[in-house]
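# Structural features, examined
So the chains spell out like this:
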Amino acid sequence: MVIDINLSNLLPIQRPETPSIPQPSLRRLPQYHHYLVDLEARGISRVSCSMIGLDLNLVPVQVRKDLQYTGIIGKPKTGYSVPELVLAIESFLGWNNINEAFLAGVGNLGTALMGHERFSHYGLRIVAAFDTDPSKIGQWIQDKAVMPLEQLADLAHRMSIHLGIITTPAEAAQAVADEMVKGGIQAIWNFAPVNLRVPEHIIVHNEDLYNSLASLSWKLAKRFRVPIQVEEAG
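Residues numbered from 1 in each chain as written. Predicted model: local features only at pLDDT ≥ 70, side-chain atom pairs only at ≥ 80, totals over all residues. Heavy atoms only, no water.

### With respect to the packing of aromatic side chains
What the rule picks out here adds up to three aromatic pairs. Ring geometry for Phe102 and Phe130: centres 4.8 Å apart, planes at 55 degrees, overall tilted. In this pair, Phe102 is assigned in strand 3 (residues 99-104) and Phe130 in strand 4 (residues 124-131), connecting sequence segments 28 residues apart. There is no split in this pair, since Phe102 and Phe130 are both buried. Taking the centre distance of 4.9 Å and the plane angle of 50 degrees together, the rings of Trp189 and Phe191 count as tilted. (Phe/Tyr/Trp six-rings, centres within 6.5 Å; stacked < 30°, edge-to-face > 60°. Helix = DSSP H or I, 4+ residues; strand = E, 2+ residues; numbered from the N terminus. Buried < 20%, exposed > 50% of the residue type's maximum accessible area, 1.4 Å probe, protein only.)

Structure (structure tokens):
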């Protein structure tokens, strides 16, 4: 089984410094992008902050501040070119530069992520997967080669992979993170329900599905909760 490393970025891409951005603004940019792509599909070529704010239930001044982080400047009265604004958001978020990633943990969740084709629209391409299960090693799952975990660090170095995805059980996640750090991976998207111990320069985003489910369940229970009536004595 051979992976053609010539298809990968053998040298790290040098990108200019991007300005810091508040997390609420960062979370809204994908919302703007989805909205703008829909406008573009409907043949709408220009848009204003007032129009965006009205359609997305946001304050226009906040929309303008959010978009300014991308470096684009709207024109008075005419607003923004929709295609240019889409490109500005994609460039700022790095979606127009494909990030090749390694995934560790080819269970149900890992397999589902490997088969999620829309990731490529947002700059992510999972190029290989790793596991410790002998029955999975050597297989091709979702058109991705599954290799032994002990090969992850060496291949990450050789292929200049900077993004890792962990979808293993909690008890295996730290060992996987250690291998990723050893391989030069700079950012980890962690789906395992555990806090990883990594060097300070490593970026970790925890996708805690259990906390999200707990929050959703609590809100649902709260909606249907009936106050207990206590009868007074006598």
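### Overview of unusual backbone geometry
The backbone of Asp143 sits at a positive phi, close to 65 degrees, despite the residue not being glycine. Mapping Asp143 onto the fold places it in the loop between strand 5 (140-141) and strand 6 (144-148). Phi at Ser160 is positive, roughly 55 degrees, even though this residue is not glycine. Within the fold, Ser160 resides in the loop between helix 6 (152-159) and strand 7 (163-166). On the basis of relative accessibility, which here comes to 10%, the residue Ser160 falls in the buried class.

### Structural notes on the packing of helix 6 against helix 7 (residues 170-182)
It is the contact of helix 6 with helix 7, at a shortest axis distance of 7 Å, that shows an interaxial angle of 30 degrees. For the crossing formed where helix 6 meets helix 7, the hand is right-handed. Between helix 6 and helix 7, the residues in contact are Leu152, Ala153 and His157 and Glu179, Met180 and Lys182, respectively. Looking at the contact of helix 6 with helix 7, its residues break down into three nonpolar, one polar and two charged. (Axes fitted to C-alpha atoms, helices over the stretch in contact; angles between N-to-C directions. Left-handed = near helix turned anticlockwise from the far one by under 90°. Contact = heavy atoms within 4.5 Å. Nonpolar A, V, L, I, M, F, W, Y, C, P; charged D, E, K, R; others polar.)

It is worth stressing that arrangement in space is one thing and function is another; only the former is reported here.
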